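Chain residues, written in single-letter form:
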Amino acid sequence: MPESPGGGDAGALPLTTGEKNPQSEEAAAVRSDADPPVLSKNAQKKLAKQQRFEAQKAEKKAAAKEQKRREVERKRKEWEESLASVTEEEREKLLESRRNLRKERMEKRSQEKENKRERLSVAREQGQNVVVDLQFSHLMNPNEIHSLVQQIMYCYAVNGRCASPAHLWLTACDGEMDSALKRIPGFDKWIIEKENRSYIEALCDRKEDLVYLTADSETVLEELDLKKIYVIGGLVDRNRWKGITLKKAEEQGIQTAKLPIGNFMKMSSSQVLTVNQVVEILLKFLETREWKTAFYAVIPQRKRCQSDSEGNAEDTIEEEEEQNDNVTASKKKCIEEVPSNS
Ligand SMILES: C[S@@+](CC[C@H](N)C(=O)[O-])C[C@H]1O[C@@H](n2cnc3c(N)ncnc32)[C@H](O)[C@@H]1O
């Protein structure tokens, strides 16, 4: 386990793309304050791989943006041409039908928002309680905190779309994490339990119902129990802090459990999943009551395999990077779905 929290000094090493470099902990770990960075061969390879990955990601993003711009432009032209090619009367009709379409779409959207609010309010009273424990912000670098915030946005968006959502909690929501979350547009309107105390304080009267989910537990989760409160470590650490949540739960004397992944699939890397994958799996399980369905729906294909090969930290790095791409894609949706006035 690394000695100093936040040892990952992201951004300290230059990247070709000028983009974020959340994986530079290893490089940072091998240099001292006085010396210029000295990288081991392994670290150089990892850094080069990371740089290639970031460059490809930036290229893909730019290409997608350009394609979207072209598509918008094509549609606009098409529309203008169709307006120009008709009589004044037909033009009026076209404009009118477009206005109606827009109105319908807006009404549909606001109805959906209303339904979502309703579902989340019901979940507050009767849903499965799921806590994201945010007491680890001091162990993450700014990129990792950013990544966690995106994962939380994703969790909120996915939960809101569920027919029977869970009741999500964010505990120890203070300091850096709180500031980062408050920067999400509309965060103050989220229907979620925002709690600045830790879960152990806020839920002290239900301590025996707390179950910390951790891949390091020896207990395998078999069912979800509505009476229990499942806690997920709000941590993006490339498993640098292996075992930290298990240790915390054991010290606090609360139950722990790991997802029964091994009963249903073999993984090409470790069984440590990201926060949003775990939340999604729980939600899928609540919907289907089938772990297998939940795992296959959420765990990416390339994380599964037929062999028993051991996972490594690098897999987790890429997992989280790719996850962030998905999260970014859903980020806009999440912001759009924020109730305008709750
Ligand atoms: C990225 S992991 C953090 C890993 C961290 N080193 C730890 O010790 O928990 C984020 C959280 O997701 C949950 N999690 C991830 N994989 C899990 C699994 N296979 N079973 C149960 N919980 C899991 C845990 O709550 C974990 O803290």
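Structural notes, computed from the coordinates.

What counts, and at which threshold
Residues numbered from 1 in each chain as written. Predicted model: local features only at pLDDT ≥ 70, side-chain atom pairs only at ≥ 80, totals over all residues. Helix = DSSP H or I, 4+ residues; strand = E, 2+ residues; numbered from the N terminus. Buried ≥ 20, exposed ≤ 12 C-beta atoms within 10 Å, placed from the backbone. Contact = placed C-beta atoms within 7 Å. Near = placed C-beta within 6 Å. Nonpolar A, V, L, I, M, F, W, Y, C, P; charged D, E, K, R; others polar. Axes fitted to C-alpha atoms, helices over the stretch in contact; angles between N-to-C directions. Parallel < 35°, antiparallel > 145°, perpendicular 65-115°, else oblique. Left-handed = near helix turned anticlockwise from the far one by under 90°. Pairing = 2+ DSSP bridges. Core = buried A, V, L, I, M, F, W, Y, C linked by C-beta atoms within 7 Å.

On to the overall build of the chain. Within the chain, the regular secondary structure consists of ten helices and six strands. Scored against the burial criterion, the 342 residues of the chain give a buried share of 34%. Contacts spanning at least 24 positions in sequence make up 75% of the contacts within the chain whose residues lie at least 6 apart.

All right, on to the site of the ligand then. Close contacts around the ligand come from 22 residues, with Leu213, Ala215, Gly233, Thr245 and Leu259 the closest. Among the elements of the structure, β5 (229–233), α7 (244–252) and α8 (275–288) are those that each provide at least two residues to the shell around the ligand. The class makeup of the residues in the shell around the ligand is twelve nonpolar, seven polar and three charged.

Between two packed helices, both the angle of their axes relative to each other and the distance between the axes serve to describe the pair. Interhelical geometry of helix α4 (residues 142–161) versus helix α5 (residues 175–182) gives an angle of 55° and a closest axis separation of 10 Å. The angle between α4 and α5 falls in the class oblique. Classified by chirality, the crossing of α5 by α4 is right-handed. Residue-level inspection shows Ile145, Val149 and Ile152 of α4 in contact with α5, the latter providing Glu176, Met177, Ala180 and Leu181. Tallied by class, the residues present in the contact of α4 with α5 amount to six nonpolar, no polar and one charged.

Look at Arg238: it is not a glycine, yet its phi comes out positive at around 50°. Here Arg238 lies in the loop between β5 and α7. The class for Arg238 is buried, based on 23 C-beta atoms found within 10 Å.

One open sheet accounts for six strands, arranged β3-β2-β1-β5-β4-β6; its pairing is parallel. The sheet terminates laterally at β3 (193–194) and β6 (255–257), the two strands that pair on one side only. In terms of strand pairing, strand β2 (residues 167–171) meets β3 through two bridges, oriented parallel. Within β3, the position partnered with Leu170 by the bridge is Lys194.

Let us look at the environment of Pro165. Secondary-structure assignment places Pro165 in the loop between α4 and β2. Taking the number of C-beta atoms within 10 Å as the measure of exposure, Pro165 has 25 and is therefore buried. In this structure the C-alpha to C-alpha distance between Pro165 and Leu283, which are 118 residues apart in sequence, comes to 7.0 Å. The residues touching Pro165, leaving out its near neighbours within four places in the chain, are Arg119, Leu120, Ala123, Gly127, Asn159 and Gly160.

On to the nonpolar core, then. Note that soluble globular proteins tend to have their nonpolar side chains buried in a common cluster. Counting residues in each nonpolar core, the largest one holds 62 residues, and the members touching the most others are Val231 and Ile232. No other element matches α4, which puts ten residues into this core. Non-local contacts of Ile232, meaning those with residues more than four positions away in its chain, are made with Val130, Val131, Val132, Asp133, Leu213, Val275, Val278 and Val279.

Each regular strand shows side chains that alternate between the opposite faces of the sheet. Across the two faces of strand β4 (residues 210–213) the burial is the same, with Leu210 and Tyr212 and Val211 and Leu213 all buried. Of the strand pairs in this sheet, β4 and β5 are connected by four bridges, and their pairing is parallel. Across the sheet, the residue bridging to Tyr212 is Val231, located in β5. One ladder, built from three bridges, connects β4 with β6; its direction is parallel. Of the residues in β6, the one forming a bridge with Leu213 is Ala257.

This next bit is on the environment of Gln252. Within the fold, Gln252 resides in helix α7. Spatially, the C-alpha atoms of Gln252 and Lys207 are 9.3 Å apart, while their sequence positions differ by 45 residues.

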